Every structure is written in C-alpha cells, then in structure tokens.
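Here is how the chains run, residue by residue.
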Amino acid sequence: MNLHHIPKPARHAACTLALLAGLLPLGAHAQDAGKALGSLFQSLTRPNQPAQPAQAQPNSAAGLAGALLGASLSPGGQQAAQGGDLFKLLSQSLDQIDEPREIQIGQQLAAVLLGSKPLYPDVAMQRYLNQLGRWISLQSTRPDLPWTFAILDDPGFNAFATPGGYVFVTKGLMDRVADEGELAGILAHEITHVTAKHHLIAMNKTARAGLLTQVISSQLKNDLGGMVSSQLLALGRNMYTKGLDQQDEFDADRTGVALATRAGFDPYGLVGVLQQLRTAAPDDALFALSLSTHPPAQTRLNQLEQAMGTRLDAYAGQPAVTVAQRLSNANRRPTAQAPAPTRPPAKKTN
C-alpha cells in the first residue's frame, strides 16, 4: 500500500459520522448517506429482511447473536454438512472459494467466537460500532460484503475478524481506546484482514498441510460430514489462538492506517493503540491474547514509522471524540453541537 497515494478525506466524512450518532439533524442533503449507513445492525447479514424497530431489538446476548448471524448459529445436520463441504473446499484451492462460500466460512467461524464469549447486551453500543465500522468498510476495496461488527462481552483487549466481513471487538477494548480515532484504526486493521483474505489463506495452508491425516481419520470414523465440520471449527480455534503470519499483521497495520485516513480519521489512531500495547505487561491477563497473537508492538510501530514517514501528518491533529461522548450524544438531539476536546496526535516513537 503506497500511503502517499491516499486521496484527501472528504469533508462530509465527519459530518456523516456525526449524523449517524445523532449529533446533527437529518437534512435532505444527508438522507442518502443516512439511508446507506444507518441500517440496524441485526439486518446486516440478512439484507432482504426489514430491520426491526428500535423497541423490538433484542436485549439479551443470545438475541443479539441470533440477530447478527441468524440461522448460521443453529446446530443441526445441515450446518454439519455445510461445515464438511467448506472444509473440503478449504483443503483444495482458494480459487474455488467464491464470495458466498467465503461468507459461509466466516459465519461458522463467527459462531466459534460467539461460542467462546457472548455479545455485550447493549444495543446502542452495538449499533454505534456497526455504524462506525460500516462507514470505514465502505472506503475499503470490498465495500459490498455484508459487513457486520459486534462487541463481545469480555474484559480483555482484543479484536478479531472472520472471512466475509465479520469483525468483533471486546468490551474491554471499547473501554480502553482513548478516542474514536483509535477505535477506527483497530477496525480498519481488522477490515484489511478480511479484504486481503488473510484468514482464508492461513486456514488453507493448515488444511492442506494435514489433509491426508484428516481424510484417513474421517474414513475410520465413518462420519465424514460431522468430522470435517469439527475440523473446520478446530482450524478456526487454532488460528485465533496462534495468530496470523507476522507479515499479514504488518500489512494490516499499513493498509489499515491508509483506510482509516481515507475514512476521515486521524492516521495516528492505530499508533496510539500500539503505544498502549507496548506498555502493557506481558503477564497482564487483559492483554495476554492480543500480545501473544501479534508481533511485538514496538516492531509494529517501527514498521509503521517507516511506511508512514511524514506523508500523513497533514491529516493528523483532528479534534478527538471519545466513544463515551459519541454514545452520549447519540441518545439526545442537541440544538448545537458541543465542541469536542482536542489533543495532539500520538507521536511516533522509537
């Protein structure tokens, strides 16, 4: 990614986010943007189904999970058969995985993540994350995926993505980002993993490396569909506990910074996140998984400094808005927008 080829962010980017959060009145000029970006999050994976009114939205974590992924979370023979088919597909060639199958794989892996931790049962916060994430995803190379963003009820500092456009962050991460720019940098990093198919490539390598053993084991158990479905889920668990290749993470950092900047956010948002990770103690349980599945934060900072140089400094230093402020403003309709606090952008350090 050549960072110096980023077009200047459009002035309406910040206005669109303010509109979505309820900070500005909905005028005729902004109706198209509001219609495109303001869909309720439970309709994201089922675009043909009308969104439910706000009072009918599910309040429990289980209800939110069902709304996000629908039938993909339902156990049964059909899901097992699909899992078997998808695993056999992953074991062959990535060229055979078209977009619908990629989305199907992503749904099953999303179910793995949701089986580990439930969704945080706050509809307003879930909706906000989807509005923010979908805006950033529209600036990516794959804007038409059924992008879905969700918050897991976990105190740790983590973010995950699955193929097909499913992105998860933890409640602990939401609580610890300094502002919306940092959150945008994290989401852009995860969106890049999806657009570049990093997870599919990693799973394909693992599946192909052990294909012969898996086929023999399946034949001995005489349960090809169920066995292979379990193997698909095992591939996912293995990937999320070990992490992706370091080069994939560096690429997601570089391209994610460009993507966040294109979406109208401070390019140093991700830098601020990495500085926080750099100071985290390795034995801190809240950061342990994030630190163990990514390259050292200082190495990532060095790579970003080399890639960015000073080319994005013109886009830095924007007024900072915290997540709490955004959510607070979304719950009321002020007559005038209060000035956001300002802070200098996070500086690159060695």
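The shown structure was predicted, so the numbers you read here are calculated from the model rather than taken from an experiment. (Residues numbered from 1 in each chain as written. Predicted model: local features only at pLDDT ≥ 70, side-chain atom pairs only at ≥ 80, totals over all residues. Heavy atoms only, no water.)

## Here we look at the packing of helix α13 (residues 269-278) against helix α15 (residues 297-308)
(1) Moving on: One can describe the packing of α13 onto α15 by two numbers: an axis separation of 8 Å at closest approach and a directional angle of 155 degrees. Classed by the angle they form, the pair α13 and α15 counts as roughly antiparallel. You can see that α13 and α15 cross each other, and the crossing is left-handed. Contacts from L270, V271, L274, Q275, L277 and R278 in α13 reach A297, Q298, R300, L301, L304 and M308 in α15. (Axes fitted to C-alpha atoms, helices over the stretch in contact; angles between N-to-C directions. Helix = DSSP H or I, 4+ residues; strand = E, 2+ residues; numbered from the N terminus. Parallel < 35°, antiparallel > 145°, perpendicular 65-115°, else oblique. Left-handed = near helix turned anticlockwise from the far one by under 90°. Contact = heavy atoms within 4.5 Å.)

## Considerations on the nonpolar core
(1) Moving on: Ranked by size, the top nonpolar core spans 71 residues in total, and within it I136, F168, M174, L183 and L187 carry the most contacts.
(2) Moving on: Excluding its chain neighbours within four sequence positions, the residues that come into contact with F168 are A110, L113, L114, L119, A150, L152, A159 and F160. (Core = buried A, V, L, I, M, F, W, Y, C linked by side-chain atoms within 4.5 Å. Buried < 20%, exposed > 50% of the residue type's maximum accessible area, 1.4 Å probe, protein only.)

## Observations regarding the pattern of salt bridges
(1) Moving on: Considering all chains together, one arrives at 8 salt bridges under this definition.
(2) Moving on: Of the charged contacts, one joins R142 and E99 as a salt bridge, the two residues approaching to 3.4 Å between their closest N and O atoms. Remark: E99 occurs in helix α5 (residues 99-116) and R142 occurs in the loop between α6 (123-137) and β1 (148-152); sequence separation between them is 43 residues.
(3) Moving on: A residue is classified by how much of its surface remains accessible, and R142, at 14% relative accessible area, is buried.
(4) Moving on: The residue K117 makes a salt bridge to D154 at a minimum N-O spacing of 3.5 Å. In this pair, K117 sits in the loop between α5 and α6 while D154 sits in the loop between β1 and β2 (159-162), placing the two residues 37 residues apart along the sequence. (Salt bridge = Lys/Arg side-chain N within 4 Å of Asp/Glu carboxyl O.)

## Comments concerning the environment of A285
(1) Moving on: Along the chain, A285 turns up in the loop between α13 and α14 (288-292).
(2) Moving on: As for A285 and P155, which are separated by 130 residues in sequence, their C-alpha atoms are 9.5 Å apart.

## Things to note about the pairing of strand β3 (residues 166-170)
(1) Moving on: Of all the 5 residues making up β3, 5 are buried; the element is thus mostly covered by neighbouring parts of the structure.
(2) Moving on: Pairing geometry for β1 and β3, over 5 bridges, is parallel. What sits directly across from T148, in β3, is Y166.
(3) Moving on: The pairing of β2 with β3 spans 4 bridges and is antiparallel. Following the sheet pairing, T162 is matched in β3 by Y166. (Pairing = 2+ DSSP bridges.)

## Description of the side chain of T162
(1) Moving on: In this structure, T162 sits in strand β2.
(2) Moving on: A polar side-chain atom of T162 sits 3.1 Å from the main-chain carbonyl oxygen of G106.
(3) Moving on: When neighbours within four sequence positions are excluded, T162 is seen to be in contact with G106, L109, A110, L113, V194 and Y240. (Polar contact = N/O pair within 3.5 Å; in protein donor to acceptor, adjacent residues only side chain to side chain.)

## So, the confidence of the model for the chain
(1) Moving on: Scored by pLDDT, the chain has a mean of 74; 65% of the residues are at 70 or more.
(2) Moving on: Mean pLDDT per element in the chain: helix α2 (residues 31-37) is the minimum at 32, and helix α8 (residues 180-195) is the maximum at 98.
(3) Moving on: In this model, residues 10-59 is a region of pLDDT below 50 whose contacts with residues beyond four sequence positions or in other chains number 86 contacts.
(4) Moving on: Confidence drops under pLDDT 50 across residues 334-350; counting only partners more than four residues distant or on other chains, this segment forms 37 contacts. (pLDDT = per-residue confidence, 0-100.)

## Points about the pairing of β2
(1) Moving on: Burial along β2 is two-sided: A159 and A161 and F160 and T162, pointing in opposite directions, are all buried.
(2) Moving on: The hairpin turn running from β2 into β3, its antiparallel successor, is 3 residues long, and G164 in that turn takes a positive phi close to 90 degrees.

## Examining the packing of aromatic side chains
(1) Moving on: Taken as a whole, this structure holds 3 aromatic pairs when the rule is applied.
(2) Moving on: Between W147 and F149 the ring centres are 6.1 Å apart and the planes differ by 15 degrees, which places this aromatic pair in the stacked class. Like W147, the residue F149 is buried in the burial classification. (Phe/Tyr/Trp six-rings, centres within 6.5 Å; stacked < 30°, edge-to-face > 60°.)

## Considerations on α13
(1) Moving on: Where burial is concerned, most of α13 is hidden: 8 out of the 10 residues are buried.
(2) Moving on: Three or more residues of α13 are buried, namely G269, L270, V271, G272, V273, L274, Q275 and L277.
(3) Moving on: The secondary structure elements touched by the buried residues of α13 are α8, α12 (246-262), α14 and α15.

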